[in-house]
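Residue-level structure breakdown
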Amino acid sequence: MILNPSILALLISSLLIAFMVLYSALYGAQILRRWDITSGSELQLSLERKTYLISTILSYFLGIQLISLFLFIFTVDSLSPLFVGAMCAVGTLTVNGFGYPTLLLKLVNFILAGLWLIINHADNAGYDYPLIRKKYLFLMMLTPLILAESTLELFYFLEMKPDIITSCCGSLFSPASRGIASEIAAAPVIPMKIIFAVTMGLTTLSGTIFILKQRLGALFATLSGSAFIVSLVSLVSFICLYIYEMPSHHCPFCILQREYHYIGYPLYACLLLGSVTGMGVGVLVPFRKIPSLSATLPGFQRRLALTSLISWLIFTILALRPVIFTTFRLE
Amino acid sequence: MPHTIEKQRHIIDFTLASLLRRRGKNGALFTVYTLIVFILASVMFFTYALKEEAAQVLKGAPEIVVQRSLQGRYAPIPLEYAAKIRGIRGVMAVRPRLWGYYYDSVFLANYTIMTAESIPLPPGSIAIGHGISRMRRAYEGDTISFTGVDGKARNFTIAKILPQESQLLSADLILMNEDEYREFSGLPPGLASDLTLKVRNPKELTTIAEKIVKALPDSRPIIRNEILRTYDALFSWRGGLLIIIMSAAVLAFVIFAWDKASGLSAEEKKEIGILKAVGWETSDILFMKFWEGMTVSLTSFLAGTILAYGHIFFTSAALFAPVLKGWSVLYPVFRLTPFINPGQIATLFFLTVVPYTVTTIIPSWRAATIDPDSVLRS
């Protein structure tokens, strides 16, 4: 383990978050078992109050998770000088087997927590808590993932051993063939460009149809989900290359650095926002027939779809700007 | 959307007014909070700035230094080694270095003596660092005496005082001519302190180092990146250690915040009761509590960070430099170059604001779910 302030900060916050989520899951279980909207008992009243607590905790969690996602990448990146062969975050993430799973879980949990808050918001709009059971079942699913994330992160940092000089044995301990992958394998450029363009086009089209006609919600959500994956692959495959203007630098993390004007932050923020709100539209589609939601849900979905479309639009502009306007050419 | 913003604006308005009404209680919280942020931020700014300084300094260091170890300890290296190393493919140049330490028993300080290569010195004269000049009140043209290895004192004329800009490196430095240094220190001809290498392709550094160890098993090549790595780990470790020690203070602060947040006075309870009675919803009160937390957190965070910035970069970390810098009689006087990045700020945020916010969630929720009926009746 490396005693670094940022690592300590990440571990402390993930511990706090795990604790709070576990706490709300316990009450969630109680709500699942004992919830009875028709009852006026004291228990029911206290459970109704508890729902406020749980949604507050989850909203804070989402905010903290977003910053911690970036802080995680930043920390991992700044640790790269400590490992032989690691040039940036990619190398540090491969020092042990826990790096990439942690990052992946962080992303997945962010999206799931966002979807939970969307369902929660929709649920609060109905007077009879129509989605309460689904919402808490979802929370039960989310809790083990968040706990797993904290555990993986802990192991990732605990298992880190920096390559530093030992004081007097004078051994050169850095075998060059330790095999840290400092580059990631990337998908071929031209097919990826086509897939990216098609996915973005279809997402925009279905989103516009949804906003205007209130149809194809599920399709739009699926496309938003795929756009998330396609965008990540495209970033590695070609978008980053254009930003760096280097034909072999595929790192998706270096765009977060000052050399590239922190362009990565708005890119990733739009990417995450676009996919969460886009998928949120789809998650809510089955609930439109519920009487207490039928008045509010379409408006809420339209706002979500609009947010998603705008995020995807900004993302696409930011991503394609270097592709179109720099003199750098890949082909 | 404008409606939502308008609503939040009114809630913020109300929150600010209510915070100002309870100046004493919030003032105490603000002071403690600011102090915690100040201490942690100072530690972080200082270690990062030192790390950066070390990295800047090492940029000019040789790519590989070869030492010799005898009995597991550092020993002077024979000059024939240089010839052997020069034969390795990829090595552009090998230069022997002569340097050592000198203990001044009158002033109880350690100096570093090196042979002058870039500065031409007339026979019998030396160049000294600013720190030595300041301590011994010796200036250009003065004569200064040092005791050599044989116990006899030798006089040197000061030809030059090294410039102040490089104080971190040269405060305790003495530059001497090679033959004079050998005579002074007793290092026999044919031996050097260590060898420095220039390498054509930086990717070959490890390969070259491995070849050197194979050809000369008693040598110890040190690559510049290894030194950088070690400094990096060392400064982070020092900073992390201090933060762990201070986590007791953070914990105390969190308990204090918990106590402040959960111990609502009768008046505050009444206020929430009235708000709910006039139509505020539980979620509105939660928003109010959220803005309250944000106001206190961000104000203290900003104040603490600015104070720490001043402390580190204007007063050169007057409060705890001795712990972090290390121990030495000849302190270089230097001002750190400000070096702050978003990651540091985010780390600081996670060490202070996040624990505070998480602690106050449950008390705020308790306050927000107060039953107006029971409060107003009591």
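Residues numbered from 1 in each chain as written. Chains lettered and ligands numbered in written order. Predicted model: local features only at pLDDT ≥ 70, side-chain atom pairs only at ≥ 80, totals over all residues. Heavy atoms only, no water.

1. So, the overall build of chain A
To be explicit about the condition: Secondary structure follows DSSP: runs of H or I at least 4 residues long count as helices, runs of E at least 2 residues long count as strands, and numbering of each begins at the N terminus. Accessible area is worked out with a 1.4 Å probe on protein chains only. A residue is then buried under 20% of its type maximum, exposed over 50%, and partly exposed in between. Contacts are residue-level and defined by heavy atoms, with any inter-residue pair within 4.5 Å sufficient. Under the convention used here, a 1.4 Å probe and the Shrake-Rupley method define accessible areas, while residue burial counts only the protein chains that appear.
Each helix and strand in chain A was counted, giving 9 helices and 0 strands. Going from N to C terminus, chain A has its helices and strands arranged as α-α-α-α-α-α-α-α-α. Overall, the C-alpha framework of chain A stretches about 75 × 50 × 25 Å when taken along its three principal axes. The buried share of chain A, reckoned over its 331 residues, is 54%. When contacts within chain A are restricted to residue pairs at least 6 apart in sequence, those whose partners lie at least 24 apart make up 75%. Within the structure as shown, chain A displays about 14100 Å² of accessible surface, and the carbon and sulfur contribution to it stands at 71%.

2. Things to note about the side chain of serine 237 of chain A
The topology assignment puts serine 237 of chain A in helix H7 (residues 217-244). When sequence neighbours within four positions are dropped, the list of residues in contact with serine 237 of chain A reads Ala186, Ala187, Pro188, Val189, Met192 and His250 of chain A.

3. So, the pattern of salt bridges
Residues and elements named next belong to chain B. The condition that has to hold: The salt bridge criterion pairs a side-chain nitrogen of Lys or Arg with a carboxyl oxygen of Asp or Glu, the two atoms within 4 Å.
Going through the model one piece at a time under the given rule, you end up with 18 salt bridges over all chains. Of the charged contacts in the structure, one is a salt bridge between arginine 22 and glutamate 271, with a shortest N-O distance of 3.4 Å. Of the two residues, arginine 22 sits in the loop between helix H1 (2-21) and helix H2 (23-59) while glutamate 271 sits in helix H9 (residues 266-277), which places them 249 residues apart along the sequence. Take arginine 22: its relative accessible area is 15%, and that puts it in the buried class. Arginine 68 serves as the salt-bridge partner of aspartate 218, at 2.9 Å between the closest nitrogen and oxygen.

4. A closer look at the interface of chain B and chain A
Counted only if it meets this: Here the quantity called buried area is the accessible surface, traced with a 1.4 Å probe, that two parts lose on coming together, added over both. Polar contact is defined as a pair of N or O atoms within 3.5 Å, subject to the rule that within protein one atom must be able to donate a hydrogen and the other to accept it, and that residues adjacent in sequence are counted only when both atoms are side-chain atoms.
Across the boundary between the two partners, chain B contributes 45 residues, which contact 40 residues of chain A. Of the roughly 4000 Å² buried at the junction of chain B and chain A (both faces included), carbon and sulfur atoms supply 73%. Area buried by chain B at its contact with chain A is led by Arg229, Phe350 and Trp365 of chain B, which between them contribute 19% of it. Counting the contacts that link chain B with chain A gives 0 salt bridges. At the boundary of chain B and chain A, one finds 3 residue pairs in polar contact (both at pLDDT 80 or more). Residue assignment for the side of chain B that touches chain A shows that the elements contributing at least two residues are H2, helix H7 (205-215), strand S13 (219-223), helix H8 (224-262), helix H10 (282-313) and helix H12 (342-368) of chain B.

5. Overview of the domain arrangement of chain B
How we decide: Boundary definitions for the domains trace back to an automatic or database domain assignment.
According to the domain assignment, chain B contains domain 1 (2-58 + 230-377) and domain 2 (63-222). One C-alpha centre belongs to domain 1 of chain B, the other to domain 2 of chain B; they are set 49 Å apart.

6. Observations regarding a nonpolar patch on the surface
Residue and element names in this part refer to chain A. What counts, and what does not: For patch building, the residue pool is restricted to those with more than 30% relative accessible area and no salt bridge; the joining distance is 9 Å between like charges and 5 Å between nonpolar side chains (Val, Leu, Ile, Met, Phe, Trp, Tyr).
Side chains of Ile190, Ile194, Val198, Leu202 and Leu205 sit close together on the surface and give an oily, nonpolar patch of about 460 Å² of accessible area. You can see leucine 202 is positioned in helix H6 (residues 189-213). With a relative accessible area of 41%, leucine 202 lands in the partly exposed category.

7. Re the packing of helix H2 (residues 42-78) of chain A against helix H4 (residues 99-125) of chain A
Axes are the key here: two packed helices are described by the angle between their axes and the distance separating the axes. Residue and element names in this part refer to chain A. How we decide: For every element, the axis is a line fit to its C-alpha atoms; helices are fit only across the contacting stretch, and the angle between N-to-C directions ranges from 0 to 180 degrees. Note on angle classes: values under 35 degrees are labelled roughly parallel, values over 145 roughly antiparallel, values of 65 to 115 roughly perpendicular, and the remainder oblique. Two helices crossing with the near one rotated counterclockwise from the far one by less than a right angle form a left-handed crossing, whereas a clockwise rotation gives a right-handed crossing.
Where H2 meets H4, the closest approach of the two axes is 10 Å, and the angle between their N-to-C directions is 150°. By the angle class used here, H2 and H4 are roughly antiparallel. As for how H2 packs across H4, the hand of that crossing is left-handed. Two secondary-structure elements touch here, H2 through Ile54, Ser55, Leu58, Ser59, Phe61, Leu62, Gln65, Leu66, Ser68, Leu69, Phe72 and Ile73 and H4 through Gly99, Thr102, Leu103, Lys106, Leu107, Asn109, Phe110, Ala113, Gly114, Trp116, Leu117 and Asn120.

8. A short note on the nonpolar core
The test is simple: Residues belong to a common nonpolar core when they are buried Ala, Val, Leu, Ile, Met, Phe, Trp, Tyr or Cys residues joined through side-chain atoms within 4.5 Å.
Residues Phe157, Ile255 and Leu267 of chain A are the most contacted members of the largest nonpolar core, which totals 162 residues. It is H2 of chain A that provides the largest number of residues to this core, a total of 16 residues. The residues contacting isoleucine 255 of chain A, other than those within four sequence positions of it, are Leu235, Cys240, Ile243, Tyr244, Tyr260, Tyr262, Ile263, Gly264, Leu267 and Tyr268 of chain A. Tyr111, Ile128, Tyr181 and Ile223 of chain B belong to the second-largest nonpolar core, a separate cluster that totals 38 residues.

9. Remarks on the packing of aromatic side chains
Two measures describe an aromatic ring pair: the distance that separates the ring centres and the angle between the ring planes. Residues and elements named next belong to chain B. Our working rule: Stacked, edge-to-face and tilted are the three classes for Phe, Tyr and Trp ring pairs, Trp counted by its six-membered ring, which pair at centre distances within 6.5 Å; planes under 30 degrees apart are stacked, over 60 edge-to-face, the rest tilted. Two conditions define a charge sitting above a ring: the NZ of Lys or the CZ of Arg must be within 6 Å of the ring centre, and it must be within 35 degrees of the ring normal.
In total, this model carries 33 aromatic pairs over all chains according to the counting rule given. Consider the rings of phenylalanine 290 and tryptophan 291, whose centres lie 5.0 Å apart with planes at 65°: the pair is edge-to-face. Its relative accessible area of 26% is what places phenylalanine 290 among the partly exposed residues. One aromatic cluster is present, built from ring pairs that chain together Tyr102, Tyr111, Phe146, Phe156 and Phe184. Between the NZ or CZ atom of lysine 51 and the centre of the ring of tyrosine 48, over which it lies, the distance is 4.8 Å.

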